[in-house]
Amino acid sequence: QEAGDAPGHQPCARRVLVFPLPFQGHIDPMLHLAGVLHARGLAVTVLHTRFNALDPARHPEFQFVAVPDGTPADVAAMGRIIDIILAMNAAMEASPAVGEALRASAVAGQDGRPRASCLFVDANLLAVHRAARALGLPTLVLRTGSAACLGCFLAYPMLHEKGYLPPQESQLCTPVPELPPLRVKDLIYSKHSDHELMRKVLARGSETVRDCSGVVINTAEALEAAELGRLRDELVHLPVVLAAGPLHKLSSSRGAGSSLLAPDHSCIEWLDAQRPGSVLYVSFGSLAAMDSSELREVAWGLAECGHPFLWVVRPNMVRGCDVDSARQLPDGFEDAVKGRGVVVRWAPQQEVLAHRAVGGFWSHCGWNSTLEAVSEGVPMICRPDAVDQMMNTRYLQDVWGVGFELQGELERGKIKDAVRKLMGEREGAEMRRAAQELCAKLAGCLESTGSSQVAIDKLVSYILSL
Ligand code: UDP
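Our subject in this report is the structure included herewith.

Scoring rules and cut-offs
- Residues numbered from 1 in each chain as written.
- Predicted model: local features only at pLDDT ≥ 70, side-chain atom pairs only at ≥ 80, totals over all residues.
- Helix = DSSP H or I, 4+ residues; strand = E, 2+ residues; numbered from the N terminus.
- Rg over C-alpha atoms; globule rule 2.2 N^0.38 Å.
- Buried ≥ 20, exposed ≤ 12 C-beta atoms within 10 Å, placed from the backbone.
- Contact = placed C-beta atoms within 7 Å.
- Core = buried A, V, L, I, M, F, W, Y, C linked by C-beta atoms within 7 Å.
- Pairing = 2+ DSSP bridges.
- Axes fitted to C-alpha atoms, helices over the stretch in contact; angles between N-to-C directions.
- Near = placed C-beta within 6 Å.
- Nonpolar A, V, L, I, M, F, W, Y, C, P; charged D, E, K, R; others polar.
- Parallel < 35°, antiparallel > 145°, perpendicular 65-115°, else oblique.
- Right-handed = clockwise from strand over helix to strand, strands pointing away.
- Expected span 1.5 Å × (residues − 1).
- Arc of directions from axis to C-beta.
- Left-handed = near helix turned anticlockwise from the far one by under 90°.

1. A look at the overall build of the protein chain
Link 1 in the chain: If you tally the helices and strands in the protein chain, you get 19 helices and 13 strands.
Link 2 in the chain: The C-alpha radius of gyration of the protein chain comes to 22 Å, within 12% of the 23 Å expected for a compact globule of 466 residues.
Link 3 in the chain: Per-residue burial over the protein chain gives 50% buried out of 466 residues.
Link 4 in the chain: For the protein chain, long-range pairs separated by at least 24 residues make up 71% of all intrachain contacts whose partners lie at least 6 apart in sequence.

2. Observations regarding the nonpolar core
Link 1 in the chain: By size, the foremost hydrophobic cluster in this structure holds 145 residues, and its most contacted members are V16, V18, L33, L119, C152, L187 and L310.
Link 2 in the chain: When residues no more than four places from it in sequence are discounted, the contact partners of L187 are C152, L159, Y164, L165, P167, V176, L182 and M391.

3. Digging into the sheet that holds strand β9 (residues 309-312)
Sheet strands associate in pairs through backbone hydrogen bonding, adopting either a parallel or an antiparallel arrangement.
Link 1 in the chain: Ordered in space as β10-β9-β8-β11-β12-β13, the 6 strands form an open sheet in which the pairing is parallel. Only two strands of the sheet have a single neighbouring strand rather than two, namely β10 (341-344) and β13 (403-405). Taken pair by pair, the neighbouring strands of this sheet meet at an average axis angle of 15°, ignoring direction.
Link 2 in the chain: Of the pairings in the sheet, the one linking strand β12 (residues 380-382) to β13 comprises 3 bridges and is parallel in character. Of the residues in β13, the one forming a bridge with C382 is E405.

4. Points about the site of the ligand
Link 1 in the chain: In the vicinity of the ligand there are 20 residues, among which G25, G285, Q349, G366 and S369 approach most closely.
Link 2 in the chain: Every element with two or more residues in the shell around the ligand is listed here: α1 (24-39), α14 (349-354) and α15 (367-374).
Link 3 in the chain: The element contributing the most residues to the shell around the ligand is α15, with 4 residues.
Link 4 in the chain: Among the residues forming the shell around the ligand, the class breakdown is 7 nonpolar, 11 polar and 2 charged.

5. Details of the packing of helix α17 (residues 412-423) against helix α18 (residues 427-446)
Link 1 in the chain: Put simply, α17 and α18 touch, their axes get as near as 5 Å, and they point 55° apart. With respect to their mutual orientation, α17 and α18 come out oblique. Judged by residue contacts, K421, L422 and M423 of α17 engage E427, G428 and M431 from α18.
Link 2 in the chain: Looking at the contact of α17 with α18 residue by residue, the classes come out as 3 nonpolar, 1 polar and 2 charged.

6. Considerations on the pairing of strand β5 (residues 139-143)
Link 1 in the chain: Within β5, 5 of the 5 residues are buried, which leaves it mostly tucked inside the rest of the structure.
Link 2 in the chain: Side chains T139, V141 and R143 of β5 all project onto a buried face; the interleaved residues L140 and L142 project onto the opposite face, where all are buried too.
Link 3 in the chain: Sheet analysis places strand β4 (residues 116-122) next to β5, joined by 4 bridges and oriented parallel. Paired with L119 across the two strands is T139, which belongs to β5.
Link 4 in the chain: Between β4 and its parallel partner β5, the chain crosses via helix α5 (residues 126-135), and the hand of that crossover is right-handed.

7. As for α15
Link 1 in the chain: Among the 8 residues that make up α15, 8 are buried, leaving the element largely enclosed by the rest of the structure.
Link 2 in the chain: For α15, the full list of buried residues reads W367, N368, S369, T370, L371, E372, A373 and V374.

8. What to know about the environment of M391
Link 1 in the chain: Structurally, the position occupied by M391 is in helix α16 (residues 389-399).
Link 2 in the chain: Between the C-alpha atoms of M391 and H237, which are 154 residues apart in sequence, the distance is 26 Å.
Link 3 in the chain: Residue contacts for M391: discarding those within four places in its chain leaves A148, C149, C152, L182, D186 and L187.

9. Comments concerning α17
Because the α-helix completes a turn every 3.6 residues, residues three or four places apart line up on one side.
Link 1 in the chain: With 12 residues, α17 should reach 16 Å at 1.5 Å per residue; the first-to-last C-alpha distance of 16 Å fits that figure.
Link 2 in the chain: Listed as buried for α17 are I415, A418, V419, L422 and M423. All buried residues of α17 project into a common sector of 115° when viewed along the axis, lining one side.
Link 3 in the chain: Residues of α17 that are buried make contact with β8 (279-283), α12 (292-305), β11 (358-363), β12 and α18.

10. Notes on the environment of V399
Link 1 in the chain: Within the fold, V399 resides in helix α16.
Link 2 in the chain: For the pair V399 and C152, spaced 247 residues apart in sequence, the C-alpha to C-alpha distance is 17 Å.
Link 3 in the chain: Among all residues touching V399, those that are not within four sequence positions of it are P181 and R394.

11. Structural notes on the sheet that holds β5
Link 1 in the chain: Pairing within the open sheet is parallel, and its 7 strands lie in the order β3-β2-β1-β4-β5-β6-β7. The open sheet is flanked by β3 (63-67) and β7 (241-243), the only strands paired with a single partner. Within the sheet, the average angular offset between the axes of one strand and its neighbour, ignoring direction, is 20°.
Link 2 in the chain: Bridging between β5 and strand β6 (residues 215-217) involves 3 bridges; their strand directions are parallel. When the sheet's bridge partners are listed, L142 is paired in β6 with V216.

12. What to know about the environment of L231
Link 1 in the chain: Among the structural elements, L231 can be located in helix α9 (residues 221-234).
Link 2 in the chain: L231 has contacts with A147, L150, G151 and V241, leaving out every residue within four places of it along the chain.

13. A closer look at the packing of helix α6 (residues 147-154) against α9
Link 1 in the chain: Running from amino to carboxyl end, α6 crosses α9 at an angle of 35°, the nearest separation of the two axes being 8 Å. The way α6 lies across α9 gives a crossing that is left-handed. Counting all contacts with α6, which are made through A147, A148, L150, G151 and L154, the residues of α9 involved are E224, E227, L228, R230, L231 and E234.

14. Regarding unusual backbone geometry
Link 1 in the chain: In this chain, P180 is followed by P181 through a cis amide linkage whose omega measures 5°.
Link 2 in the chain: Within the secondary structure, P181 sits in the loop between α7 (156-161) and α8 (195-211).
Link 3 in the chain: Of the consecutive residues G245 and P246, the connecting peptide bond is found in the cis state with omega at -5°.
Link 4 in the chain: With respect to the element layout, P246 can be found in the loop between β7 and α10 (247-250).

See below:
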(Lines give C-alpha, C1' and ligand atoms only; values in the text may rest on other atoms or scores of the structure.)
Protein backbone atom coordinates (compact mmCIF):
# COMPACT_ATOMS: atom_id res chain seq x y z
CA GLN A 1 0.00 0.00 0.00
CA GLU A 2 1.30 3.48 -0.94
CA ALA A 3 1.71 6.22 1.63
CA GLY A 4 -1.44 8.31 1.41
CA ASP A 5 -3.77 5.46 0.44
CA ALA A 6 -6.20 4.35 3.12
CA PRO A 7 -7.13 0.65 3.34
CA GLY A 8 -9.98 -0.06 0.96
CA HIS A 9 -9.90 3.49 -0.42
CA GLN A 10 -7.41 3.77 -3.27
CA PRO A 11 -6.40 6.43 -3.81
CA CYS A 12 -7.73 8.88 -1.19
CA ALA A 13 -9.81 11.74 -2.52
CA ARG A 14 -8.92 14.09 0.31
CA ARG A 15 -6.01 14.74 2.57
CA VAL A 16 -5.48 16.39 5.92
CA LEU A 17 -2.34 17.82 7.45
CA VAL A 18 -1.63 17.40 11.15
CA PHE A 19 0.97 19.26 13.22
CA PRO A 20 1.36 18.05 16.83
CA LEU A 21 3.11 19.91 19.64
CA PRO A 22 6.26 17.83 20.11
CA PHE A 23 5.59 16.42 23.57
CA GLN A 24 4.42 12.90 24.31
CA GLY A 25 1.02 13.82 25.70
CA HIS A 26 0.29 15.91 22.58
CA ILE A 27 1.87 13.69 19.91
CA ASP A 28 -0.07 10.54 20.82
CA PRO A 29 -3.61 11.94 20.53
CA MET A 30 -2.76 13.78 17.29
CA LEU A 31 -1.46 10.58 15.70
CA HIS A 32 -4.47 8.67 16.98
CA LEU A 33 -6.73 11.26 15.35
CA ALA A 34 -4.68 10.88 12.17
CA GLY A 35 -5.19 7.11 12.40
CA VAL A 36 -8.95 7.50 12.83
CA LEU A 37 -9.21 9.83 9.81
CA HIS A 38 -6.99 7.57 7.73
CA ALA A 39 -9.25 4.63 8.50
CA ARG A 40 -12.16 6.75 7.20
CA GLY A 41 -10.47 7.13 3.84
CA LEU A 42 -8.46 10.33 4.26
CA ALA A 43 -4.78 10.55 3.45
CA VAL A 44 -2.64 12.14 6.16
CA THR A 45 0.55 14.19 6.06
CA VAL A 46 2.20 14.66 9.46
CA LEU A 47 4.26 17.82 9.82
CA HIS A 48 6.54 17.73 12.83
CA THR A 49 9.27 19.76 14.45
CA ARG A 50 12.90 18.65 14.42
CA PHE A 51 12.80 18.96 18.21
CA ASN A 52 11.51 15.57 19.47
CA ALA A 53 11.24 14.52 15.81
CA LEU A 54 8.89 11.66 14.93
CA ASP A 55 10.02 8.46 13.28
CA PRO A 56 8.24 8.00 9.89
CA ALA A 57 9.20 4.31 9.83
CA ARG A 58 6.72 3.62 12.65
CA HIS A 59 3.79 4.97 10.62
CA PRO A 60 4.16 3.89 7.00
CA GLU A 61 0.51 4.81 6.42
CA PHE A 62 1.26 8.55 6.73
CA GLN A 63 3.56 10.94 4.88
CA PHE A 64 5.96 12.88 7.09
CA VAL A 65 7.51 16.32 6.69
CA ALA A 66 10.14 17.58 9.14
CA VAL A 67 9.89 21.34 9.71
CA PRO A 68 12.80 23.39 11.11
CA ASP A 69 11.46 24.83 14.38
CA GLY A 70 14.46 26.93 15.40
CA THR A 71 14.14 26.13 19.12
CA PRO A 72 17.40 27.36 20.69
CA ALA A 73 19.51 24.42 21.91
CA ASP A 74 19.86 25.82 25.43
CA VAL A 75 16.06 26.18 25.83
CA ALA A 76 15.52 22.66 24.47
CA ALA A 77 18.17 21.29 26.84
CA MET A 78 16.51 22.90 29.88
CA GLY A 79 13.39 20.88 29.00
CA ARG A 80 10.81 23.29 30.49
CA ILE A 81 7.75 22.84 28.29
CA ILE A 82 6.45 26.39 28.74
CA ASP A 83 9.78 27.92 27.65
CA ILE A 84 10.03 25.55 24.70
CA ILE A 85 6.50 26.41 23.51
CA LEU A 86 7.22 30.14 23.59
CA ALA A 87 10.70 29.87 22.02
CA MET A 88 9.52 27.48 19.31
CA ASN A 89 6.60 29.74 18.33
CA ALA A 90 8.82 32.83 18.29
CA ALA A 91 11.38 31.12 16.08
CA MET A 92 8.74 29.73 13.73
CA GLU A 93 7.08 33.15 13.42
CA ALA A 94 10.40 34.73 12.51
CA SER A 95 11.16 32.23 9.76
CA PRO A 96 9.42 31.44 6.46
CA ALA A 97 10.08 27.69 6.95
CA VAL A 98 6.66 26.79 8.39
CA GLY A 99 4.74 28.63 5.67
CA GLU A 100 6.88 27.00 2.98
CA ALA A 101 6.41 23.53 4.44
CA LEU A 102 2.65 24.06 4.72
CA ARG A 103 2.38 25.39 1.17
CA ALA A 104 4.37 22.50 -0.28
CA SER A 105 2.39 19.95 1.75
CA ALA A 106 -1.06 21.40 1.05
CA VAL A 107 -1.00 21.38 -2.76
CA ALA A 108 -2.01 18.41 -4.87
CA GLY A 109 0.98 16.36 -6.02
CA GLN A 110 1.74 15.23 -9.55
CA ASP A 111 1.74 11.66 -8.22
CA GLY A 112 -2.03 11.98 -7.68
CA ARG A 113 -1.68 13.11 -4.09
CA PRO A 114 -4.85 15.09 -3.34
CA ARG A 115 -4.79 18.66 -2.06
CA ALA A 116 -5.14 19.12 1.69
CA SER A 117 -8.56 20.20 2.95
CA CYS A 118 -7.34 21.46 6.30
CA LEU A 119 -4.68 21.37 8.98
CA PHE A 120 -5.17 19.92 12.47
CA VAL A 121 -2.96 21.88 14.80
CA ASP A 122 -2.21 21.86 18.51
CA ALA A 123 -3.62 24.97 20.21
CA ASN A 124 -0.11 25.75 21.50
CA LEU A 125 1.21 26.23 17.96
CA LEU A 126 -0.23 29.65 17.18
CA ALA A 127 2.69 30.30 14.79
CA VAL A 128 1.63 27.31 12.68
CA HIS A 129 -2.03 28.33 12.76
CA ARG A 130 -1.11 31.84 11.59
CA ALA A 131 1.06 30.51 8.77
CA ALA A 132 -1.82 28.30 7.59
CA ARG A 133 -4.25 31.19 7.75
CA ALA A 134 -1.94 33.30 5.63
CA LEU A 135 -2.13 30.56 2.99
CA GLY A 136 -5.94 30.34 3.22
CA LEU A 137 -5.72 26.82 4.61
CA PRO A 138 -8.47 26.15 7.22
CA THR A 139 -7.20 24.94 10.57
CA LEU A 140 -8.93 22.81 13.18
CA VAL A 141 -7.57 22.58 16.70
CA LEU A 142 -7.13 19.22 18.40
CA ARG A 143 -7.37 19.78 22.14
CA THR A 144 -5.40 17.06 23.88
CA GLY A 145 -6.71 18.06 27.33
CA SER A 146 -10.24 17.87 28.73
CA ALA A 147 -13.22 20.09 27.89
CA ALA A 148 -12.97 21.50 31.43
CA CYS A 149 -9.35 22.39 30.75
CA LEU A 150 -10.26 24.22 27.54
CA GLY A 151 -13.07 26.03 29.38
CA CYS A 152 -10.59 27.13 32.02
CA PHE A 153 -8.06 28.33 29.54
CA LEU A 154 -10.59 30.34 27.57
CA ALA A 155 -11.77 31.85 30.89
CA TYR A 156 -8.24 32.85 31.95
CA PRO A 157 -8.75 36.63 31.49
CA MET A 158 -11.99 36.47 33.54
CA LEU A 159 -10.27 34.40 36.24
CA HIS A 160 -7.67 37.17 36.61
CA GLU A 161 -10.20 39.99 36.47
CA LYS A 162 -12.21 38.38 39.25
CA GLY A 163 -9.09 37.80 41.35
CA TYR A 164 -9.12 33.96 41.36
CA LEU A 165 -5.69 33.97 39.72
CA PRO A 166 -2.83 34.04 40.40
CA PRO A 167 -3.88 31.71 43.23
CA GLN A 168 -3.58 33.04 46.78
CA GLU A 169 -2.76 30.53 49.51
CA SER A 170 -5.78 31.63 51.58
CA GLN A 171 -8.21 31.16 48.68
CA LEU A 172 -7.20 27.74 47.40
CA CYS A 173 -10.43 26.06 48.51
CA THR A 174 -12.70 28.87 47.24
CA PRO A 175 -15.20 27.55 44.67
CA VAL A 176 -15.15 29.11 41.19
CA PRO A 177 -18.91 29.22 40.43
CA GLU A 178 -18.25 30.22 36.81
CA LEU A 179 -16.49 26.87 36.23
CA PRO A 180 -18.20 24.27 38.42
CA PRO A 181 -17.05 22.01 40.07
CA LEU A 182 -13.63 23.70 40.16
CA ARG A 183 -12.07 25.42 43.15
CA VAL A 184 -9.17 27.87 42.87
CA LYS A 185 -6.66 25.11 43.54
CA ASP A 186 -8.07 23.07 40.64
CA LEU A 187 -7.48 25.82 38.06
CA ILE A 188 -4.65 25.68 35.54
CA TYR A 189 -1.47 27.02 37.02
CA SER A 190 2.04 25.78 37.35
CA LYS A 191 3.68 25.31 40.69
CA HIS A 192 7.04 25.50 38.94
CA SER A 193 6.71 28.19 36.25
CA ASP A 194 6.30 31.91 36.27
CA HIS A 195 2.57 32.62 36.27
CA GLU A 196 2.89 35.39 33.68
CA LEU A 197 4.50 32.96 31.25
CA MET A 198 1.62 30.57 31.74
CA ARG A 199 -0.82 33.41 31.12
CA LYS A 200 0.96 34.27 27.88
CA VAL A 201 0.97 30.68 26.62
CA LEU A 202 -2.74 30.29 27.38
CA ALA A 203 -3.63 33.63 25.76
CA ARG A 204 -1.90 32.47 22.59
CA GLY A 205 -3.65 29.10 22.80
CA SER A 206 -7.01 30.87 23.18
CA GLU A 207 -6.29 32.91 20.08
CA THR A 208 -5.66 29.74 18.09
CA VAL A 209 -8.93 28.21 19.32
CA ARG A 210 -11.08 31.30 18.78
CA ASP A 211 -9.66 31.90 15.31
CA CYS A 212 -9.79 28.37 13.90
CA SER A 213 -12.48 26.59 11.88
CA GLY A 214 -13.41 23.95 14.45
CA VAL A 215 -12.29 22.19 17.61
CA VAL A 216 -11.95 18.49 18.28
CA ILE A 217 -11.55 17.57 21.95
CA ASN A 218 -10.12 14.29 23.15
CA THR A 219 -12.95 13.66 25.58
CA ALA A 220 -16.39 12.07 25.57
CA GLU A 221 -19.95 13.16 26.36
CA ALA A 222 -20.07 10.46 29.06
CA LEU A 223 -17.28 12.22 30.93
CA GLU A 224 -17.98 15.90 30.40
CA ALA A 225 -21.48 16.60 29.04
CA ALA A 226 -21.98 19.82 31.07
CA GLU A 227 -18.48 21.11 30.31
CA LEU A 228 -19.00 20.47 26.60
CA GLY A 229 -22.35 22.30 26.72
CA ARG A 230 -20.69 25.34 28.31
CA LEU A 231 -17.91 25.29 25.73
CA ARG A 232 -20.35 25.16 22.82
CA ASP A 233 -22.14 28.20 24.25
CA GLU A 234 -18.79 29.96 24.53
CA LEU A 235 -17.53 28.94 21.06
CA VAL A 236 -20.88 29.33 19.38
CA HIS A 237 -19.30 30.88 16.25
CA LEU A 238 -17.29 27.73 15.45
CA PRO A 239 -19.01 25.33 13.02
CA VAL A 240 -17.85 22.25 14.95
CA VAL A 241 -16.92 21.64 18.61
CA LEU A 242 -16.67 17.88 18.79
CA ALA A 243 -15.98 15.41 21.61
CA ALA A 244 -14.33 12.55 19.72
CA GLY A 245 -12.43 10.63 22.38
CA PRO A 246 -10.85 8.73 23.86
CA LEU A 247 -8.97 8.73 20.56
CA HIS A 248 -6.63 5.89 21.53
CA LYS A 249 -9.68 3.61 21.73
CA LEU A 250 -10.91 4.68 18.28
CA SER A 251 -7.61 4.39 16.47
CA SER A 252 -6.19 1.07 15.42
CA SER A 253 -2.61 2.33 15.69
CA ARG A 254 -0.70 0.82 18.61
CA GLY A 255 -0.31 3.01 21.69
CA ALA A 256 3.46 2.91 21.86
CA GLY A 257 3.83 3.68 18.12
CA SER A 258 4.75 7.30 18.75
CA SER A 259 6.68 6.90 22.01
CA LEU A 260 9.71 9.16 22.28
CA LEU A 261 11.29 6.63 24.69
CA ALA A 262 11.45 2.92 23.86
CA PRO A 263 8.82 1.01 25.87
CA ASP A 264 10.06 -1.98 27.85
CA HIS A 265 7.72 -4.80 26.82
CA SER A 266 9.25 -7.29 29.23
CA CYS A 267 6.89 -5.98 31.91
CA ILE A 268 3.93 -7.49 30.03
CA GLU A 269 5.35 -10.98 30.52
CA TRP A 270 5.75 -10.23 34.20
CA LEU A 271 2.15 -8.98 34.35
CA ASP A 272 1.00 -12.21 32.65
CA ALA A 273 2.27 -14.11 35.69
CA GLN A 274 0.43 -11.94 38.27
CA ARG A 275 -3.03 -12.48 39.76
CA PRO A 276 -5.94 -10.52 38.17
CA GLY A 277 -6.34 -7.05 39.65
CA SER A 278 -3.38 -7.48 42.01
CA VAL A 279 -0.81 -5.06 40.53
CA LEU A 280 -0.46 -1.34 41.18
CA TYR A 281 0.91 0.52 38.15
CA VAL A 282 2.85 3.68 39.02
CA SER A 283 3.75 6.32 36.45
CA PHE A 284 4.02 10.09 36.51
CA GLY A 285 3.83 10.66 32.75
CA SER A 286 6.47 12.03 30.43
CA LEU A 287 7.37 15.33 32.14
CA ALA A 288 6.61 15.39 35.88
CA ALA A 289 9.74 15.26 38.04
CA MET A 290 10.53 14.76 41.73
CA ASP A 291 13.39 15.38 44.14
CA SER A 292 15.74 12.54 45.03
CA SER A 293 14.31 12.49 48.57
CA GLU A 294 10.80 12.01 47.10
CA LEU A 295 12.08 9.19 44.87
CA ARG A 296 13.40 7.48 47.99
CA GLU A 297 10.07 7.84 49.82
CA VAL A 298 8.13 6.46 46.84
CA ALA A 299 10.55 3.53 46.65
CA TRP A 300 10.18 2.62 50.32
CA GLY A 301 6.43 3.27 50.31
CA LEU A 302 6.04 0.77 47.46
CA ALA A 303 8.42 -1.66 49.15
CA GLU A 304 6.41 -1.52 52.39
CA CYS A 305 2.88 -1.62 50.91
CA GLY A 306 3.03 -5.38 50.32
CA HIS A 307 1.30 -5.24 46.90
CA PRO A 308 2.90 -6.18 43.57
CA PHE A 309 3.76 -3.07 41.57
CA LEU A 310 5.11 -1.92 38.21
CA TRP A 311 6.83 1.46 38.46
CA VAL A 312 8.01 3.70 35.60
CA VAL A 313 11.16 5.58 36.60
CA ARG A 314 12.05 7.73 33.59
CA PRO A 315 15.75 8.44 33.08
CA ASN A 316 15.23 12.19 33.78
CA MET A 317 12.62 11.86 36.49
CA VAL A 318 14.76 13.19 39.32
CA ARG A 319 14.92 16.98 39.26
CA GLY A 320 18.32 18.59 38.75
CA CYS A 321 20.24 15.36 38.27
CA ASP A 322 21.96 13.98 35.16
CA VAL A 323 22.29 10.39 36.34
CA ASP A 324 19.68 7.89 35.10
CA SER A 325 16.97 8.12 37.78
CA ALA A 326 16.53 4.33 38.01
CA ARG A 327 20.15 4.18 39.18
CA GLN A 328 19.29 6.43 42.09
CA LEU A 329 16.91 4.03 43.76
CA PRO A 330 17.97 3.45 47.37
CA ASP A 331 20.38 0.71 48.39
CA GLY A 332 18.51 -2.40 49.45
CA PHE A 333 15.36 -1.50 47.49
CA GLU A 334 15.92 -4.07 44.75
CA ASP A 335 16.32 -6.91 47.25
CA ALA A 336 13.36 -5.71 49.32
CA VAL A 337 10.96 -5.91 46.35
CA LYS A 338 12.45 -8.89 44.48
CA GLY A 339 9.71 -10.91 42.76
CA ARG A 340 7.03 -8.40 43.79
CA GLY A 341 8.08 -5.11 42.21
CA VAL A 342 9.31 -4.24 38.73
CA VAL A 343 10.90 -0.95 37.64
CA VAL A 344 11.04 0.07 33.97
CA ARG A 345 12.26 3.26 32.31
CA TRP A 346 9.22 3.50 30.01
CA ALA A 347 6.19 1.20 29.80
CA PRO A 348 3.73 0.41 27.01
CA GLN A 349 1.18 2.19 29.22
CA GLN A 350 -2.01 1.56 27.29
CA GLU A 351 -1.23 -2.15 27.16
CA VAL A 352 -0.35 -2.14 30.85
CA LEU A 353 -3.59 -0.43 31.90
CA ALA A 354 -5.60 -2.83 29.74
CA HIS A 355 -3.87 -5.87 31.34
CA ARG A 356 -6.10 -7.95 33.61
CA ALA A 357 -3.38 -8.05 36.31
CA VAL A 358 -3.51 -4.28 36.86
CA GLY A 359 -5.91 -3.28 39.63
CA GLY A 360 -4.84 0.29 40.37
CA PHE A 361 -2.89 3.21 38.95
CA TRP A 362 -0.90 5.80 40.88
CA SER A 363 -0.61 8.70 38.45
CA HIS A 364 0.20 12.39 38.09
CA CYS A 365 -3.18 12.56 36.28
CA GLY A 366 -2.16 13.98 32.93
CA TRP A 367 -5.26 13.91 30.70
CA ASN A 368 -4.00 11.04 28.53
CA SER A 369 -3.21 8.91 31.56
CA THR A 370 -6.61 9.81 32.99
CA LEU A 371 -8.42 8.77 29.81
CA GLU A 372 -6.35 5.60 29.48
CA ALA A 373 -7.22 4.57 33.05
CA VAL A 374 -10.93 5.39 32.95
CA SER A 375 -11.37 3.66 29.63
CA GLU A 376 -10.02 0.43 31.19
CA GLY A 377 -11.92 0.84 34.47
CA VAL A 378 -8.77 1.18 36.58
CA PRO A 379 -9.15 3.25 39.81
CA MET A 380 -6.44 5.75 40.71
CA ILE A 381 -4.30 7.39 43.35
CA CYS A 382 -3.91 10.98 42.14
CA ARG A 383 -0.75 12.96 42.62
CA PRO A 384 -1.18 16.06 40.42
CA ASP A 385 1.87 18.18 39.72
CA ALA A 386 0.96 21.04 37.38
CA VAL A 387 -1.21 22.60 34.68
CA ASP A 388 -4.48 20.62 34.21
CA GLN A 389 -3.56 17.74 36.50
CA MET A 390 -5.23 19.34 39.52
CA MET A 391 -8.55 19.67 37.72
CA ASN A 392 -8.30 16.14 36.35
CA THR A 393 -7.85 15.02 39.96
CA ARG A 394 -10.97 16.98 40.96
CA TYR A 395 -13.00 15.04 38.39
CA LEU A 396 -11.45 11.65 39.20
CA GLN A 397 -12.02 12.04 42.92
CA ASP A 398 -15.16 14.13 43.35
CA VAL A 399 -17.14 13.84 40.12
CA TRP A 400 -16.52 10.29 38.92
CA GLY A 401 -15.49 8.81 42.29
CA VAL A 402 -12.82 6.59 40.74
CA GLY A 403 -9.80 7.81 42.68
CA PHE A 404 -8.48 9.92 45.53
CA GLU A 405 -5.72 12.46 45.94
CA LEU A 406 -2.54 11.74 47.84
CA GLN A 407 -1.89 15.16 49.36
CA GLY A 408 1.00 16.82 51.13
CA GLU A 409 4.57 15.68 51.32
CA LEU A 410 5.50 12.34 49.83
CA GLU A 411 6.25 10.13 52.80
CA ARG A 412 6.60 6.35 52.83
CA GLY A 413 3.96 5.70 55.54
CA LYS A 414 1.34 7.80 53.74
CA ILE A 415 2.18 6.09 50.45
CA LYS A 416 1.82 2.64 51.98
CA ASP A 417 -1.59 3.60 53.43
CA ALA A 418 -2.76 5.09 50.12
CA VAL A 419 -1.81 1.96 48.17
CA ARG A 420 -3.54 -0.28 50.71
CA LYS A 421 -6.67 1.90 50.53
CA LEU A 422 -6.79 1.72 46.72
CA MET A 423 -5.99 -1.98 46.40
CA GLY A 424 -7.94 -3.02 49.49
CA GLU A 425 -11.42 -4.37 50.11
CA ARG A 426 -13.37 -1.43 51.56
CA GLU A 427 -12.90 1.94 49.83
CA GLY A 428 -10.95 0.27 47.03
CA ALA A 429 -13.93 -1.93 46.13
CA GLU A 430 -16.21 1.12 45.92
CA MET A 431 -13.78 2.92 43.57
CA ARG A 432 -13.35 -0.20 41.44
CA ARG A 433 -17.13 -0.44 41.05
CA ALA A 434 -17.37 3.24 40.05
CA ALA A 435 -14.46 2.79 37.63
CA GLN A 436 -16.19 -0.18 35.98
CA GLU A 437 -19.41 1.81 35.61
CA LEU A 438 -17.62 4.77 34.06
CA CYS A 439 -15.71 2.45 31.75
CA ALA A 440 -19.03 0.94 30.55
CA LYS A 441 -20.50 4.41 29.87
CA LEU A 442 -17.40 5.37 27.95
CA ALA A 443 -17.58 2.16 25.93
CA GLY A 444 -21.10 3.25 24.90
CA CYS A 445 -19.65 6.46 23.39
CA LEU A 446 -17.32 4.33 21.26
CA GLU A 447 -20.00 2.10 19.74
CA SER A 448 -20.98 2.77 16.13
CA THR A 449 -23.92 4.97 17.17
CA GLY A 450 -22.15 6.33 20.25
CA SER A 451 -21.43 10.04 20.66
CA SER A 452 -17.70 9.86 19.89
CA GLN A 453 -18.21 7.83 16.70
CA VAL A 454 -20.97 10.22 15.62
CA ALA A 455 -18.55 13.10 16.29
CA ILE A 456 -16.01 11.47 13.96
CA ASP A 457 -18.73 11.05 11.30
CA LYS A 458 -19.52 14.77 11.59
CA LEU A 459 -15.86 15.64 11.46
CA VAL A 460 -15.30 13.66 8.27
CA SER A 461 -18.34 15.29 6.60
CA TYR A 462 -17.06 18.68 7.69
CA ILE A 463 -13.58 18.00 6.29
CA LEU A 464 -15.12 16.91 2.99
CA SER A 465 -17.12 20.15 2.87
CA LEU A 466 -14.01 22.35 3.17
N1 UDP B 1 3.29 6.89 28.74
C2 UDP B 1 3.77 5.70 28.24
N3 UDP B 1 4.67 5.01 28.98
C4 UDP B 1 5.09 5.42 30.21
C5 UDP B 1 4.57 6.63 30.72
C6 UDP B 1 3.67 7.33 29.96
O7 UDP B 1 3.42 5.28 27.13
O8 UDP B 1 5.91 4.73 30.80
C9 UDP B 1 2.33 7.64 27.91
C10 UDP B 1 0.94 7.55 28.48
O11 UDP B 1 0.31 6.38 28.00
C12 UDP B 1 0.29 8.83 28.01
C13 UDP B 1 1.46 9.78 27.83
O14 UDP B 1 2.65 9.01 27.91
O15 UDP B 1 -0.35 8.62 26.77
C16 UDP B 1 1.54 10.83 28.92
O17 UDP B 1 0.55 11.77 28.71
P18 UDP B 1 -0.22 12.45 29.92
O19 UDP B 1 -1.19 13.41 29.33
O20 UDP B 1 -0.78 11.44 30.83
O21 UDP B 1 0.91 13.20 30.74
P22 UDP B 1 2.12 14.17 30.34
O23 UDP B 1 3.26 13.30 30.02
O24 UDP B 1 1.67 15.00 29.18
O25 UDP B 1 2.32 14.94 31.59
